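Given next are the chains, with one letter for each unit.
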There are 2 protein chains.
Amino acid sequence: MDNESKIRDLLSVHGLRKTPIRKEMLDVFMNHDFALSASDLVHKMTVGNDRVTVYRALVSFEEHGILHKASEDKNGVKYALSDHNNPHEHHSDQHIHFICDGCHQTYCIEGVVEHQVKVSSDFQVDRVNFTLHGLCKQCLP
Amino acid sequence: MDNESKIRDLLSVHGLRKTPIRKEMLDVFMNHDFALSASDLVHKMTVGNDRVTVYRALVSFEEHGILHKASEDKNGVKYALSDHNNPHEHHSDQHIHFICDGCHQTYCIEGVVEHQVKVSSDFQVDRVNFTLHGLCKQCLP
DNA sequence: AAACCAAACGCAACAATGTTGCGTTTATGT
DNA sequence: ACATAAACGCAACATTGTTGCGTTTGGTTT
Ligand SMILES: [Mn+2]
Ligand SMILES: [Mn+2]
Ligand SMILES: [Zn+2]
Ligand SMILES: [Zn+2]
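What counts, and at which threshold
- Residues numbered from 1 in each chain as written.
- Chains lettered and ligands numbered in written order.
- Predicted model: local features only at pLDDT ≥ 70, side-chain atom pairs only at ≥ 80, totals over all residues.
- Heavy atoms only, no water.
- Least-squares fit on C-alpha atoms with pLDDT ≥ 70 in both.
- Contact = heavy atoms within 4.5 Å.
- Donors = N, O, S within 2.8 Å, 3.2 Å for Na, K, Ca; no water.
- Helix = DSSP H or I, 4+ residues; strand = E, 2+ residues; numbered from the N terminus.
- Buried < 20%, exposed > 50% of the residue type's maximum accessible area, 1.4 Å probe, protein only.
- Near = heavy atom within 4 Å.
- Polar contact = N/O pair within 3.5 Å; in protein donor to acceptor, adjacent residues only side chain to side chain.
- Nonpolar A, V, L, I, M, F, W, Y, C, P; charged D, E, K, R; others polar.

Caption draft 1: The relation of the copies chain A and chain B, seen in detail. For the match of chain A to chain B, the screw axis carries a shift of 0.0 Å, the RMSD comes to 0.2 Å, and the turn is 179°. Such a combination of turn and shift is consistent with a two-fold rotation axis. Counting the interface residues of chain A, we find that 100% of their copies in chain B are interface residues as well, pointing to one common contact surface.

If you want it as structure tokens, here you go:
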């Protein structure tokens, strides 16, 4: 199934309208294997001309589980397609986020990070967030 | 040794001037056991009235290793005193950052997170960033 | 095909964080 | 006391993100 059909299906399944902007947003996501920010999208898109529309679509896509936040720092949030919608298949149910020190892209990658936490009982640890850092294939020497 | 003396020493050691603003900034940090943002500081301080001065002092303190970034998200960066300067002694050489889901404060805590990373060889992992999430002592039921 | 309507869009305005330039003040060594 | 670089204060700006509101439009109903 080609991307256009996938996109139409995806929007249909979630009861979202197939507008030019939202279709192109998903198309951009499907044509990149790393996470994108709102401004990344705005710059890559040909239709639409309003940041606000993109922000609101991102929120909607995240609420519907189409996208997820892949990384977040003071420079903003980057989103990526959620597991089942990602043609790159770099996803598994528990997937990992890798931020390249070279190209500064955020990748959703397969793999596992086993960890054992030992901290003071003054803190009840409910979950552990981690991000891997290093160099991606393109940036390796 | 009281905080005032510590602060004077700290600034002296790093060749920084003992100005009212910078002394009060360090005083505020020493009187809190969680990380603070630039705007946290501005609101807690009695001297000085310019965000820019605080931002520049934070950068300077970080460059000199007096402070370190304890957490960072889309709402901004929070700083904490670095290991040897922290009167709360929650620090060890490898310390951990805990973000409370209740009070949303970031704590530098002692402890370790042992981990084994297994990912595709397309990515060279140089370091793993961890953040623990849960409830702090004050927020526990 | 026309009508309907909520979803989506576009625009203006705003808030928060952070940065830069530049002139002024002040802490500190001489 | 003087000199000077560090630090400060102010204005201006950039970026990310949000809210309100009127308009357009995709999808449905008639
Ligand atoms: Mn991901
Ligand atoms: Mn810390
Ligand atoms: Zn890279
Ligand atoms: Zn708490």
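Caption draft 2: How the structure looks around the coordination of the manganese ion (ligand 1). Residue and element names in this part refer to chain A. Here the manganese ion (ligand 1) is held by the protein donor atoms His68 (NE2), His95 (NE2), His97 (NE2) and Cys108 (SG), which lie 2.0 to 2.2 Å from it. For the manganese ion (ligand 1), all donor residues lie on one chain, and their spacing in sequence is H-x26-H-x1-H-x10-C. Placement of the pair is His68 in strand 2 (residues 67-73) and His95 in the loop between strand 3 (76-81) and strand 4 (96-100), with a sequence separation of 27 residues. Accessibility assignment for this pair places His68 and His95 in one class, buried.

Caption draft 3: Molecular detail of the protein's contact with DNA strand C. Inspection of the region around DNA strand C gives 21 residues, with A:Arg17, A:Thr19, A:Asp50, A:Arg56 and B:Arg56 positioned closest. By atom count, sugar and phosphate contribute 53% of the portion of DNA strand C lying within 4 Å of the protein. Measuring from a base oxygen of DNA strand C, one finds a side-chain N or O atom of A:Arg56 at 2.6 Å. Of the residues forming the surface near DNA strand C, the biggest block, 4 residues, is contributed by helix 4 (residues 51-63) of chain B. In the surface near DNA strand C, the residues fall into 6 nonpolar, 6 polar and 9 charged.

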